[in-house]
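The lines below spell out each chain.
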Amino acid sequence: MRSLYSLLLVLAFTPAAHATPVDTGYQSPPQSVIDLVDMAPPVEVIPSPDGEQLLLLERPPLPMLEELAAPELRLAGIRFNPANLAPSIPRYYASLGLQSLAGEEISIRGLPQTLRILDLAWSPDGQRIALLQLEEDRVELWRIDLDEQRAQAWGERPVHAAWGRFGQGDMSWLPDSSGVVFRSVLADRPAPPERDPLPSAPVVTETRGRAAPTRTFQDLLGDGHDELLFDHYFTTELVQVNLDGTMAVLAPASVAVRFSISPDNRFILLTRLTRPYSYAVPVSRFGHEILVLDRQGEAVFNVADNPLADDLPIAFDAVIPGPRGVSWRSDADATLTWAQAADEGDPANEAEVRDQLFQLAAPFDSEPELLLDSPLRIVWAMAGDGETALVWQRWWASRIERMTRLAPDHPGESVDLLWERNWEDRYADPGRPMMRVDGRGQTRLQLDGSAIFLTGQGSSPEGDRPFVDRLDLDSGETERLWRSQSPWFEQPIAFLDAAAGQLLTRRESEDQPPDFFVRDLAADELRRLTNTEHPLPELREISRELITFDREDGVTLSATLLLPAGYDAERDGPLPTVMWAYPREFLSADAAGQLADSPYRFNRLSYWNAEFLVTRGYAVFNNVTMPVIGAEGVEPNDRFIEEITLNAQAAVNEGVRRGVTDPERVAVGGHSYGAFMTASLLAHTDLFRTGIARSGAYNRSLTPFGFQREQRTLWDDTDLYIRVSPFFHAHRISAPVLIIHGAEDNNSGTFPMQSERLYQAIRGLGGTARLVMLPLESHGYRARESVLHMLFETIEWLDEHLGESG
């Protein structure tokens, strides 16, 4: 559990070659930068199932450090608050509004005085909204009744919401809208088990000839007491609450990870963990059984009993050998579907068929029906009706994806390949199927006779231009219904009425913040739903341009170039420049050179990357594309240093060519893998005067079973791991570097020790570095005090080292 004393100290180190700690306290950047941090996030909109009402939601600005100091436990890869059984450092909505599609505001009385909404959902009939309200000591279920325009607490039992990203929803409406099912804390839960201060035995694990490679996971179970704590806090009951407030227990106490109600409301699909637990992998790899229960809580069918997967191959195409992705077929009453590996889940095994898709209808007493044999991994399957379902498949190693059409009511018949393509090729992306929510709350394909609708980013040499297409599945013909036009960037959200061509969109431009509209595709008309004012009008004068340029070998790169308000290169001369990037692997140079952004996005300066620095007089090359390109027989990381060097040199050259960059005063920075890139560029080039490396990993021998998208292990290619690790080349880092890291980073691979060891190496070798460890922070920094201090450190460091006297 966290200690409050860590709030009292921020450890930073002077740039001299000694390790004297400096108690700086939390510092703040100039007010113009603080204003960027305190800008309210954009409004989010969720339409009702019938498209007649809109739920308007707003998240609060950054939380204060006090929220991060709340109680926390870390078990099996999960960080949660034991006081209220919600995720630690939760993200929530602090404002809720309702309006009709005609624009009329719908007032709601009775809402909690301080809203902290963890999750919410429309009822299938669109008459009510269920929401989870976060309190200090519990998570409460609330309900909004639209006909009464009133909110009220719903039921007496608290909701268990601690699973976070590992779970699959903490509550679910019944298909007939008569109530909600949720995981509840046990009514008679005892006090948590206490740890005996005197150990009863050593902790012993062993391995005997069974290969079990794992990535560098954190927050794992460590001993028997951790196992007891895990069971104590994650054992729940499945509870139903009806509209009249009556409650019933649907399933006995268990460590239930997921649950879902069949579309006909007769069965419950339940996934619950089984022992033994593991001290080597997180809960996502634990053994589990998948059961179908009747409404009395009795098991009627055992779908799968998947054992602990602590020996899963590290290849990205590896999966468990048993049934996975088990779910209800959304168009049928009670039919299960699931994918299952035909190659034992190991991509190293030769196989023509990699995955199979099955279905089994109630009463679950026959053999499963085979719907599809696939040479790739099945990602998801989605039905529209008994004649039309789509199956999306991928194979990571080759970057190949497929979309297959089949008729689930006629297994083995009419299986058609809609497309097979390289998913790195953004320009040729046909888009993703648009969905709808039916009267039972099930998500289904949006069908128009024999056609589906597709939407995508519409990447092109002119930038992203989102679109909506109609694809006739019988003829294969595609009709473009709409595409975003300059000077706007407009994204489809959902059909409000597909038959009438009524589309909900989110629209913005360089100087207009995002707002929501109804677009009539047939009449080509647009109607505004929200009207957001520019949060900081003074930013309008800042220049923002999406630029492209070529590196030495002809690969096209891009970046967003930001220049200070009123700046003129010819009059004012070149500026100190900051470049911010994040490397990405590609197998194709053509795909690596494709543009993946829009010149018409709203100029909302981000404090998270380098954009905020334009307010301090710097030229900023933000999101510089940093492709690391492989080829036949050559993995991308085989040329990591050469590739990022080509990219960085091209970006510097472009700034100089435009007259905006002083080549003697250029900094490079990045977060996570971008920090790894930053340290590598400082070690292997002399392009930069200084660098900013945040929450990175610098010694790849500490991540021996792969890193980022690298599938080879340290023992497969030791030279590679040493060659790409900046830690082993710290003697070449002569430029000053600012190193920032969250002291509680739980991201796989980026242990805080990575930054501490790089700093120690540079210090021991006589280099110049400053290490800032942010208390209570994880991989991404959340507390307002932490973010402001990060920005303060960044500005102070750059002013020192990119200034005229630097």
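Look up: the structure comes first, before these words.
Residues numbered from 1 in each chain as written. Predicted model: local features only at pLDDT ≥ 70, side-chain atom pairs only at ≥ 80, totals over all residues. Heavy atoms only, no water.

Draft legend 1. Structural detail: the packing of aromatic side chains. Per the stated rule, a full pass over the model turns up 25 aromatic pairs. With a centroid separation of 5.5 Å and 45° between ring planes, the pair formed by Trp-154 and Trp-173 is classed as tilted. Placement of the pair is Trp-154 in the loop between strand 13 (150-153) and strand 14 (171-173) and Trp-173 in strand 14, with a sequence separation of 19 residues. Residue Trp-173 is classed as buried on the basis of its relative accessible area, which comes to 9%. Taking 5.3 Å as the distance between ring centres and 75° as the angle between the ring planes, the aromatic pair formed by Phe-267 and Phe-364 counts as edge-to-face. Placement of the pair is Phe-267 in strand 19 (residues 267-273) and Phe-364 in the loop between strand 24 (355-361) and strand 25 (369-374), with a sequence separation of 97 residues. According to the relative accessible area criterion, Phe-364 is buried, its value standing at 5%. Ring pairs connect the aromatic residues Phe-80, Trp-163, Phe-230, Tyr-233, Phe-234, Tyr-277 and Phe-286, which therefore count as one cluster. Over the aromatic face of Trp-154 sits the side chain of Arg-143, whose NZ or CZ is 4.8 Å from the ring centroid. Above the ring of Phe-316, the side-chain terminus of Arg-709 is found at 4.8 Å from the ring centroid. (Phe/Tyr/Trp six-rings, centres within 6.5 Å; stacked < 30°, edge-to-face > 60°. Helix = DSSP H or I, 4+ residues; strand = E, 2+ residues; numbered from the N terminus. Buried < 20%, exposed > 50% of the residue type's maximum accessible area, 1.4 Å probe, protein only. Lys NZ or Arg CZ within 6 Å of the ring centre and 35° of its normal.)

Draft legend 2. Inspection of the environment of Val-180 at higher detail. Here Val-180 lies in strand 15 (residues 179-185). Distance from Val-180 to Ala-130, taken between C-alpha atoms, is 7.9 Å for residues 50 residues apart in sequence. With residues near it in sequence (within four places) discarded, Val-180 still touches Ala-130, Leu-141, Trp-154, Met-171, Ser-172, Trp-173, Leu-174, Val-239, Gln-240 and Val-241. (Contact = heavy atoms within 4.5 Å.)

Draft legend 3. Quick peek at the sheet that holds strand 20 (residues 288-294). Strand order across the open sheet formed by four strands is 18-19-20-21, with antiparallel pairing between neighbours. Of all strands in the sheet, those with a lone pairing partner are strand 18 (256-261) and strand 21 (299-306), marking the two edges. Mean inter-strand twist for the sheet, computed between neighbouring axes without regard to direction, equals 15°. The pairing of strand 19 with strand 20 spans seven bridges and is antiparallel. (Pairing = 2+ DSSP bridges. Axes fitted to C-alpha atoms, helices over the stretch in contact; angles between N-to-C directions.)

Draft legend 4. Representation of the packing of helix 6 (residues 640-657) against helix 7 (residues 673-684) in the model. At a minimum axis distance of 10 Å, the contact between helix 6 and helix 7 shows a crossing angle of 85°. Accordingly, the angle class assigned to the pair helix 6 and helix 7 is roughly perpendicular. In contact with Phe-640, Ile-641, Ile-644, Thr-645 and Ala-648 of helix 6, helix 7 contributes Tyr-673, Phe-676, Met-677, Ser-680, Leu-681 and His-684. (Parallel < 35°, antiparallel > 145°, perpendicular 65-115°, else oblique.)

Draft legend 5. Representation of helix 7 within the structure. Under the 1.5 Å per step criterion, the end-to-end length of helix 7 is 16 Å for 12 residues, consistent within 8% with the ideal 16 Å. Among the residues making up helix 7, those that are buried are Tyr-673, Gly-674, Ala-675, Phe-676, Met-677, Thr-678, Ala-679, Ser-680, Leu-681, Leu-682 and Ala-683. (Expected span 1.5 Å × (residues − 1).)

Draft legend 6. Fine view of empty space enclosed by the protein. Under the defined criterion, the tally for this structure stands at three cavities of 30 Å³ or more. In this structure, the largest cavity is lined by Trp-396, Arg-399, Glu-585, Glu-635, Pro-636, Asn-637, Arg-709 and Glu-710. The residue inventory of the lining of the largest cavity, partitioned by class, reads two nonpolar, one polar and five charged. (1 Å grid on protein atoms, 1.4 Å probe; cavity = no way out; pocket = protein on both sides within 12 Å on 5 of 7 lines; lining within 4 Å. Points joined across faces, edges and corners; volume = space filled by probe spheres on them. Nonpolar A, V, L, I, M, F, W, Y, C, P; charged D, E, K, R; others polar.)

Draft legend 7. View of the sheet that holds strand 38 (residues 502-509). With antiparallel pairing, four strands are arranged side by side in an open sheet as 37-38-39-40. Both outer strands of the open sheet, strand 37 (489-497) and strand 40 (525-528), are each paired with one neighbouring strand and no more. If you compare each strand with its neighbour and ignore which way they point, the axes differ by 30° on average.

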